[in-house]
Amino acid sequence: GLKLHLQDFRKDLSEGFWYVWRKPGLRELLCISALMVFFTSPVIVLLPFFIEDVLKLETDWYGYIIAVYGVGSMAGFLLAGVMQFSGKARYLGVVSFIILESAGYALLGLVRNPVVVMLMAFAGGAAGGFVTIVITTILQATTPSEFRGRVFAILGTISGALAPVAMGLSGVVADMIDQNISLIYIVCGTALAILSLGLLASRSVKNFISQVEDSTSP
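It should be emphasised that the depicted structure is a prediction, and the values quoted were computed from it without experimental measurement.

### A short note on a negative patch on the surface
On the surface, a cluster of negative charge is contributed by E52, D53, E58 and D60. Position of E52 relative to the elements: it lies in helix α3 (residues 47-54). Overall, E52 belongs to the partly exposed group, its relative accessible area being 40%.

Quick look at the structure:
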């Protein structure tokens with residue numbers, strides 16, 4: 001029954017959690033991935049207010065920017081699929097694209113030109129798509145098949161829990177600081193940049209990403 005399914009789900013999550021916890025590089029990578037979801041969610045949920053109140057544009061621009069972001073994500077997926085890189089190059093690629101994405105979110109709070117915003121949306125989508133594919137590939141390649149589903153369940157559960165919390169907090173914070181959306185974007189982008197630097201400085205994450213065999217490269 002339902003109770004049995006819940007018990008199995010809790011057991012799988014628990015086993016997945018302890019597997020991740022015993023792998024420092026994997027543990028830190030999953031934490032960083034979850035925090036990236038936390039700090040990018042406010043950027044997306046506050047975008048309509050940014051377009052209307054900051055850029056002073058019609059609501060139609062929301063659709064344009066989201067569409068360009070989606071095209072950028074597809075470009076990032078394709079780039080991750082065609083690039084052949086391994087070891088240190090893979091690690092530097094992931095960090096570089098996370099830095100690019102975080103810098104874009106921070107600069108978004110300073111930009112007022114809609115064309116520049118569109119270009120930044122494309123670049124942000126490409127960076128996010130690239131990082132998503134590479135991290136997913138790394139997790140699939142380094143996790144034994146018997147734990148793979150549990151590890152992805154842990155990541156999905158954490159990210160799924162953080163996203164609505166971040167969205168809710170972004171609305172509360174926006175009201176507290178008089179709808180200063182630009183400041184929220186700058187803070188979120190800066191937080192992501194700090195995470196990028198932490199990723200760059202982490203030897204365990206570097207070793208974890210670099211250890212993947214060449215055959216696992218896209």
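Next, the rest of the story.
### What to know about unusual backbone geometry
In this model, K56 sits at a positive phi of 60°, which is unusual for a non-glycine residue. Positive phi, close to 60°, is recorded for D178, a residue that is not glycine. Positionally, D178 belongs in the loop between α7 (145-176) and α8 (181-201).

### Considerations on the packing of aromatic side chains
Counted under the stated rule, the structure contains four aromatic pairs. Taken together, a centroid distance of 5.1 Å and an interplanar angle of 90° make the contact between F38 and F39 edge-to-face.

### Examining helix α2 (residues 24-45)
Here α2 is 22 residues long and its end C-alpha atoms lie 32 Å apart, about the 32 Å a rise of 1.5 Å per residue gives. Every buried residue of α2 is accounted for by G25, L26, L29, L30, I32, S33, A34, M36, T40, S41, P42 and V43.

### So, the packing of α2 against α8
Interaxial distance between α2 and α8 falls to 9 Å at its minimum, and their mutual angle equals 165°. Overall, the two elements α2 and α8 adopt an arrangement that is roughly antiparallel. For α2 against α8, the interelement crossing comes out left-handed. Residues L29, I32, L35, M36, F39, T40, P42 and V43 of α2 touch α8, and the partners they reach there are I184, Y185, C188, A191, L192, L195 and L199.

### Overview of the packing of helix α5 (residues 87-108) against helix α6 (residues 114-142)
Two numbers describe a pair of packed helices, the interaxial angle and the distance between the axes. Between α5 and α6, the shortest axis-to-axis distance is 9 Å and the interhelical angle comes to 150°. Judged by the sense of rotation from one axis to the other, the crossing of α5 with α6 is left-handed. Each of R90, G93, V94, F97, I98, L100, E101, G104, L107 and L108 in α5 lies in contact with α6, whose residues at this interface are V117, M120, G124, A127, G128, F130, V131, V134 and I138.

### As for a nonpolar patch on the surface
Together, F17, W18 and W21 make up a nonpolar patch on the protein surface, roughly 350 Å² of accessible area in all. Relative to the helices and strands, F17 is located in helix α1 (residues 2-21). According to the relative accessible area criterion, F17 is partly exposed, its value standing at 39%.

### Concerning the confidence of the model for the protein chain
For the protein chain, the average pLDDT comes to 82, and 92% of its residues sit at 70 or higher. Mean pLDDT across the elements of the protein chain ranges from a minimum in α1, with 72, to a maximum in helix α4 (residues 60-82), with 91.

### A short note on the side chain of T40
One can find T40 in helix α2. Residue T40 is classed as buried on the basis of its relative accessible area of 15%. At 3.3 Å, the side chain of T40 forms a polar contact with the backbone oxygen of V37. Setting aside residues up to four positions removed in sequence, T40 forms contacts with E101, Y105 and L192.

The rules behind these values
Residues numbered from 1 in each chain as written. Predicted model: local features only at pLDDT ≥ 70, side-chain atom pairs only at ≥ 80, totals over all residues. Heavy atoms only, no water. Patch = residues over 30% accessible without salt bridge, like charges linked within 9 Å, V, L, I, M, F, W, Y side chains within 5 Å. Areas by Shrake-Rupley, 256 points an atom, 1.4 Å probe, with all protein chains shown as cover. Salt bridge = Lys/Arg side-chain N within 4 Å of Asp/Glu carboxyl O. Lys, Arg positive; Asp, Glu negative; His and termini not counted. Charge placed at Lys NZ, Arg CZ, Asp CG, Glu CD. Helix = DSSP H or I, 4+ residues; strand = E, 2+ residues; numbered from the N terminus. Buried < 20%, exposed > 50% of the residue type's maximum accessible area, 1.4 Å probe, protein only. Phe/Tyr/Trp six-rings, centres within 6.5 Å; stacked < 30°, edge-to-face > 60°. Expected span 1.5 Å × (residues − 1). Axes fitted to C-alpha atoms, helices over the stretch in contact; angles between N-to-C directions. Parallel < 35°, antiparallel > 145°, perpendicular 65-115°, else oblique. Left-handed = near helix turned anticlockwise from the far one by under 90°. Contact = heavy atoms within 4.5 Å. pLDDT = per-residue confidence, 0-100. Polar contact = N/O pair within 3.5 Å; in protein donor to acceptor, adjacent residues only side chain to side chain.

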